[in-house]
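Remarks on the overall topology
Spelled out from the first residue to the last, the chains are:
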Amino acid sequence: MAKLSLSELHEIRSREERNLKKRDIHGRSVHVVVAMGTSGIDAGAKLTLNTIADDVEKLGLENVIITQTGSAAPNPEPVVEVYSPQSGLVVYGSVDKEAAHRIVSEHLRDGRIVDDLRIEIKTKEQ
Amino acid sequence: MGFRNYILVCGGTGCESSRSDQIYHALIDEAEAQGVADQVQVIKTGCFGFCEQGPIVKILPEDSFYVQVKPEDAKELIAEHVIKGREVTRLLYNKAPRKAYEEVEDIGFYKKQQRIVLRNCGSIDPENIDEYIAAVGYKALEKVLFEMTPDDVIAELKTAGLRGRGGAGFPTWMKWNFTKQENNPVKYVVCNADEGDPGAYMDRSTLEGDPHSVLEAMTICGKTVGAHQGFIYIRAEYPLAIHRLEVAMKQAREYGLLGKDILGSGFDYDIEIRLGAGAFVCGEETALLQSIEGHRGMPKPRPPFPASKGLWGKPTVINNVETWANVAQIINNGGEWFASIGTPDSHGTKVFALTGKICNSGLVEVPMGTTLREIVYDIGGGIAHGKKFKAVQTGGPSGGVITEENLDTPIDFGGLQKIGSMMGSGGMIVMDEDDCIVDVAKFYLNFTVDESCGKCAPCRIGGKSLCNILEKITQGKGEEKDIEQIQQIAHAMRIGSLCALGQTAPNPVLSSLRYFPEEYEAHIVDKKCPSGKCKKLISYEINPSKCIGCTACARKCPVGAISGEVKHPHKINGNVCIKCGVCKETCKFSAIEIH
């Protein structure tokens, strides 16, 4: 009796393939950057990051890469930047859990910029 | 919840010797201590290849390439990179953080490389069979067991044009076909992992980083030629590779990918490991088979070839590690895909261990046809310490030197042979202006003389005689007739030796004679060593116009050969000097010269 049948091998492969794919970062065009400075974390950026990451995984959006950066002060944190070749750079402010859900489903999945969450970037000099 | 960051830590022998194992555990402990254990996965992978900069740690998804990491850095990597999302610039290879939104781009060392054999090295955990399966592992075996006939497999290998990577470049499909055609119920499959060239570690890294690729290929071969037992012959001084192989075999057996009735196909196949004691000659296939059988590792005359009469007299396919590592890829992607890579003479890629006087030493895999210049300068980053390039030795002790004029020769089996060297297993040792070509030839000859099994006279006596002549030349006792004698002995060894060890042993001498005749002449006629390596032919002298009489050299000289008064130029007594070079290293005014 064979220990592993062909279909069981396929099962392992498709399950593990998904995990391995997450490590392959070549050719991903949509970048999401969450500002995770001290003030950002204080404003709830950790929850924002986790929400976005979980949603991206749930929806199986394979071309999205999520990274973190330092503080985005003095903007209304948590701040999330989304860059894609189609929409260019878009910055969102005050991104709570609810807003994070919307950014993933509307912008990342459907390609529509979430206008009411969008902010203009202020640099420290201003 | 999924992981946010993946930390890949190099688990090759090179990096492990610089404490990468401690780095791996420190990262896991720190992630735990700082409360992010559920967000990061730390994975120990095979060799990244960029050994010069090891230990290497790569963090995804940022693709941050951290080099020369120490276990003490784990805390900062977790606190800064993982928690705050800030790259630790001081540890980055290019010392500058990646610009956001930029497409991930490979660093220079990897740009011209194409990884087929090393495809999984540095990206998967070699001790986890699931990761290999995810990386299209065991799919080729599936195909061979259920969809292809043995003839299909051989036809695919023929289309691919895969040639043996152990050095000689014999077509792999022919070997398999010979064994397949033998009418014998017992046949064997052997993996030659007895890598012995000085400076070569391609096979070790492949086995350490991706052991399943070899197991899968050997099983495919078993099914194709009708064998049910495989052996991996590996030297005992590769403990990590052996460990990874043992883990891989255990996991494969648990899944039934080795053993009885593989995947319900009815095909039985298993593999055993045989340890070699490190004799170089056991890399020669007939000697290797003798050693597996428990005899002293000595070559036998061929024919009969192992394909018809090999292990215990049974038909045996024997291939090198790198050859095996190509097989599953060819079955998965098709022979035509493989044939489209490389040159008409040699298809696919070749892995080289780039070492010596080079900036980026490490493991590189390039398509056949890449020029040596690209490997040395674009990938290798040129000669270390701003010195001048002199030559590259390819093919180890069986190969020869390649000089500046041939740097643009595309590397393939035929191309290297034409310029008097050979592909060999893939060692590539770079020499600079400070290396003496006669000394290098002597080094390789000493190696083959040491490793000769002594069975046949041409190799045993010829090698020793050549060695004596070279010794004489480097001692300043060379005569003009020596060159002619070298040619004669070399010729006799080539035609008279039993195996490739003796047949190719004179190559380093012949090729260096061909490209650097003036250097031999300088040794023999002028009694000078132009690169200042051969101690008997040089003398250390102090240039009185540069010496300020600081006495630093005199105090350092271990034999008290330097004398002189303070603030007056010193002198070296040539009769006492042992030419250790300490004075030259000590002098801050470059006053000490080699003549």
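These numbers were taken from a predicted model, which means no experiment stands behind them.

**A closer look at the overall build of chain A**
- Scanning chain A from N- to C-terminus turns up 4 helices and 4 strands.
- When the helices and strands of chain A are read in sequence order from the N terminus, they spell out α-β-α-α-β-β-β-α.
- Structurally, chain A occupies a C-alpha span of about 70 × 30 × 25 Å along its principal axes.
- Burial status across chain A gives 47% buried among its 126 residues.
- Here the contacts in chain A between residues at least 6 apart in sequence split such that 64% fall between residues at least 24 apart.
- Averaging the coordinates of the 17 positive side-chain charges in chain A and doing the same for the 20 negative ones gives two points 5 Å apart.

**Details of the overall build of chain B**
- Within chain B, the regular secondary structure consists of 24 helices and 17 strands.
- For chain B, the spread of C-alpha atoms along the three principal axes comes to 85 × 65 × 40 Å.
- Looking at chain B residue by residue over its 595 residues, the buried ones come to 59%.
- Pairs at least 24 residues apart make up 70% of the contacts formed inside chain B by residues separated by at least 6 positions.
- If you sum the accessible surface of chain B, you get close to 23,300 Å²; carbon and sulfur atoms cover 50% of it.
- In chain B, 66 positive and 75 negative side-chain charges are present, and the distance between their average locations comes to 6 Å.

**Some words on the sheet that holds strand E3 (residues 57–60) of chain B**
Residue and element names in this part refer to chain B.
- Judged by pairing direction, the sheet is mixed, and its 4 strands sit side by side in the order E2-E1-E3-E4 without closing on themselves. Bordering the open sheet on either side are strand E2 (40–45) and strand E4 (64–66), each of which pairs with just one other strand. Between one strand axis and the next, the sheet turns by 20° as a mean value, whatever way the strands run.
- The strands touched by helix H2 (residues 20–33) are strand E1 (5–10), E2 and E3; relative to E2, the strand with the most contacts, the crossing angle is about 170°.

**Focus: the nonpolar core**
- With 81 residues, the main nonpolar core has Leu470(B) and Tyr520(B) as its most contacted residues.
- With 6 residues, the top contributor of residues to this core is helix H17 (residues 437–451) of chain B.
- Apart from residues no more than four positions distant in its own chain, Leu470(B) is found in contact with Val438(B), Ala441(B), Lys442(B), Leu445(B), Ile486(B), Val509(B) and Tyr520(B).
- Among the nonpolar cores identified, the runner-up in size contains 61 residues, and Leu4(A), Leu20(A), Ala140(B) and Leu263(B) belong to it.

**Some remarks on the interface of chain A and chain B**
- Chain A puts 38 residues into the contact, and the matching count from chain B is 45 residues.
- Summing the contributions of chain A and of chain B, the shared interface buries around 3,400 Å²; its carbon and sulfur component is 56%.
- Our count for the chain A to chain B interface comes out at 4 salt bridges.
- Here Glu142(B) and Arg13(A) are joined by a salt bridge, their closest N and O atoms 3.0 Å apart.
- For the pair chain A and chain B, the number of links is 10 residue pairs in polar contact (both at pLDDT 80 or more).
- Residue contributions to the side of chain A that touches chain B peak at 9 residues, all from helix H1 (residues 6–21) of chain A.
- Its residues placed into classes, the side of chain A that touches chain B shows 16 nonpolar, 10 polar and 12 charged.

**Let's talk about the domain arrangement of chain B**
- Domain annotation for chain B reports domain 1 (5–102), domain 2 (129–338), domain 3 (349–432), domain 4 (437–524) and domain 5 (539–594).
- Computed over C-alpha atoms, the centres of domain 1 of chain B and domain 5 of chain B are 47 Å apart.

**Focus on the packing of aromatic side chains**
Residue and element names in this part refer to chain B.
- Taken as a whole, this structure holds 18 aromatic pairs over all chains when the rule is applied.
- Counting every residue linked through ring pairs, the aromatic cluster contains Phe48, Phe50, Phe65, Tyr93, Phe109 and Tyr110.
- If you follow Arg204 out to its NZ or CZ, it ends over the ring of Tyr238, 5.9 Å from the centre.
- The ring of Phe352 is capped by Lys350, whose NZ or CZ atom sits 5.6 Å from the centre of that ring.

**Looking at unusual backbone geometry**
- A cis geometry characterises the amide bond from Glu77(A) onward to Pro78(A), with omega recorded as -5°.
- By the secondary structure assignment, Pro78(A) is in the loop between strand E2 (64–69) and strand E3 (80–84).
- Along the chain, Leu60(B) connects to Pro61(B) via a cis peptide bond; the corresponding omega equals 5°.
- Not every positive phi belongs to a glycine, and Gln68(B) is a case in point at roughly 45°.
- Relative to the helices and strands, Gln68(B) is located in the loop between E4 and helix H3 (74–84).
- Judged by its relative accessible area of 42%, Gln68(B) falls in the partly exposed class.
- In this structure, Thr551(B) takes a positive phi of about 75° despite not being glycine.
- With respect to the helices, strands and loops of the structure, Thr551(B) is situated in the loop between strand E14 (540–542) and helix H23 (552–556).
- The class for Thr551(B) is buried, based on a relative accessible area of 17%.

Reading the values: rules and limits
- Residues numbered from 1 in each chain as written.
- Chains lettered and ligands numbered in written order.
- Predicted model: local features only at pLDDT ≥ 70, side-chain atom pairs only at ≥ 80, totals over all residues.
- Heavy atoms only, no water.
- Helix = DSSP H or I, 4+ residues; strand = E, 2+ residues; numbered from the N terminus.
- Buried < 20%, exposed > 50% of the residue type's maximum accessible area, 1.4 Å probe, protein only.
- Contact = heavy atoms within 4.5 Å.
- Lys, Arg positive; Asp, Glu negative; His and termini not counted.
- Charge placed at Lys NZ, Arg CZ, Asp CG, Glu CD.
- Areas by Shrake-Rupley, 256 points an atom, 1.4 Å probe, with all protein chains shown as cover.
- Pairing = 2+ DSSP bridges.
- Axes fitted to C-alpha atoms, helices over the stretch in contact; angles between N-to-C directions.
- Core = buried A, V, L, I, M, F, W, Y, C linked by side-chain atoms within 4.5 Å.
- Buried area = accessible area lost by both parts, 1.4 Å probe.
- Salt bridge = Lys/Arg side-chain N within 4 Å of Asp/Glu carboxyl O.
- Polar contact = N/O pair within 3.5 Å; in protein donor to acceptor, adjacent residues only side chain to side chain.
- Nonpolar A, V, L, I, M, F, W, Y, C, P; charged D, E, K, R; others polar.
- Domains from an automatic or database assignment.
- Phe/Tyr/Trp six-rings, centres within 6.5 Å; stacked < 30°, edge-to-face > 60°.
- Lys NZ or Arg CZ within 6 Å of the ring centre and 35° of its normal.

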